[in-house]
Amino acid sequence: MHSIERHVDPGNYRKVVGRFATGVAIVTTRLGGVDHAMTVNSFTSVSLDPLLVLFCAEKVARFHDAVIEAGVWGVSVLHASMEDASRFFAHRGRPLSGQLARWEHHRGESGVALFTGALATVEVATTAVYDGGDHSIVLGRVTALGTPADGSPLLYHDGRYKNL
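Let me begin by describing the structure that accompanies this report. Since the model is a prediction, treat every value here as computed from it, not as a measurement.

## Topic: the packing of aromatic side chains
Reasoning step 1: As enumerated under the stated definition, the model contains seven aromatic pairs in all.
Reasoning step 2: A centroid spacing of 4.7 Å and a plane angle of 65 degrees characterise the contact between Phe-55 and Trp-73, whose relative ring orientation is edge-to-face. One end of the pair, Phe-55, is in strand E5 (residues 51-58); the other, Trp-73, is in strand E6 (residues 72-77), and 18 residues separate them in sequence.
Reasoning step 3: Geometrically, the ring pair formed by Phe-89 and Phe-115 is edge-to-face, given 5.7 Å between the ring centres and 75 degrees between the ring planes. Here the residue Phe-89 occupies a position in helix H3 (residues 83-90), and Phe-115 occupies one in strand E8 (residues 113-115), the gap between them amounting to 26 residues. In this structure, Phe-89 and Phe-115 share a single accessibility class: buried.
Reasoning step 4: An aromatic cluster of three or more residues is present, and its members are Phe-88, Phe-89, Trp-103 and Phe-115.
Reasoning step 5: Positioned over the ring face of Phe-88 is Arg-102, at 5.2 Å from the centre of the ring.

## With respect to unusual backbone geometry
Reasoning step 1: With an omega of 0 degrees, the peptide bond between Asp-49 and Pro-50 qualifies as cis.
Reasoning step 2: Located in the positive-phi region is Asp-158, a residue other than glycine, with phi close to 55 degrees.
Reasoning step 3: When you line up the elements, Asp-158 lands in the loop between strand E11 (154-157) and strand E12 (160-163).
Reasoning step 4: Owing to a relative accessible area of 31%, Asp-158 belongs among the partly exposed residues under this scheme.

## Comments concerning helix H2 (residues 62-70)
Reasoning step 1: When H2 is considered as a whole, its buried residues turn out to be Phe-63, His-64, Ala-66 and Val-67.
Reasoning step 2: Of the surrounding secondary structure, the elements contacted by the buried residues of H2 are strand E2 (25-31), strand E3 (34-40), E5, E6 and strand E10 (135-146).
Reasoning step 3: Phi turns positive one or two residues past the end of H2, at Gly-71, with a value near 80 degrees.

Criteria and cut-off values
- Throughout this description, residue numbers start from 1 for each chain and increase along the sequence as written.
- The predicted origin of the model limits local features to residues at a pLDDT of at least 70 and limits the giving and counting of side-chain atom pairs to 80 or more, whereas totals for whole chains, interfaces and linings rest on all residues.
- The basis for the side-chain values is all heavy atoms of the structure; hydrogens and waters are excluded.
- Aromatic rings from Phe, Tyr and Trp, taking only the six-membered ring of Trp, are treated as a pair when their centres fall within 6.5 Å; an angle between ring planes under 30 degrees marks them as stacked, one over 60 as edge-to-face, and anything in between as tilted.
- Numbered from the N terminus, helices here are DSSP runs of H or I no shorter than four residues, and strands are runs of E no shorter than two.
- Here's how the labels work: a residue is buried when its accessible area is under 20% of the maximum for its type, exposed when over 50%, partly exposed in between, all with a 1.4 Å probe on protein chains only.
- Consider the ring centre and the ring normal. A charge sits over the ring if Lys NZ or Arg CZ is within 6 Å of that centre and within 35 degrees of that normal.
- Any two residues whose heavy atoms approach within 4.5 Å are treated as being in contact.

Following this line, the structure appears as C-alpha cells:
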C-alpha cells in the first residue's frame, strides 16, 4: 500500500499545522486524591446531541494514564492573561504535589480542579478512547459547564502564544 505520509517531513508538518490558530486549555483530572493537569490545544466540540467533546493526550505523558483511569476530566479554556499557567502545565516532569497552588481554582461537581480565571469550564465523563498514533483521542459526555470570567482567549499560532 502506497502512503503519501512517507514523503512528509515531520518538522515541516509541525510548521504547516502550526499555521492553524488554536485556543489553549488546561485539562485536569483527579485520581486517588491527586490532581493531574496538562496544557492542550487539541480540545474540540464534537456533538450537540448528545453533548460530546474531545481532547488528545500524548501516550507517554503521565497525565494520559491518570485521565483514562479516572474517567472524568475538566477543561479550563484559558484567558489571555494565563500564559504562565499554560507554559507551566505544558512542562514535563513537574512535581504533582501542590502544582495547582499558584492559580486560583475550585472543584467542579465531579471533583476535578477548574481554573477560576478561565473563560469557560467544561466537566466531562469519558465515553470512549481511540488510538491516535502517539496520542489517544479521549471522547466524553459533557456533565457541567461554566463561564467564570470574561475577556479575550489565549491563542497559539505559528509556535507562539498570541492574543486577540
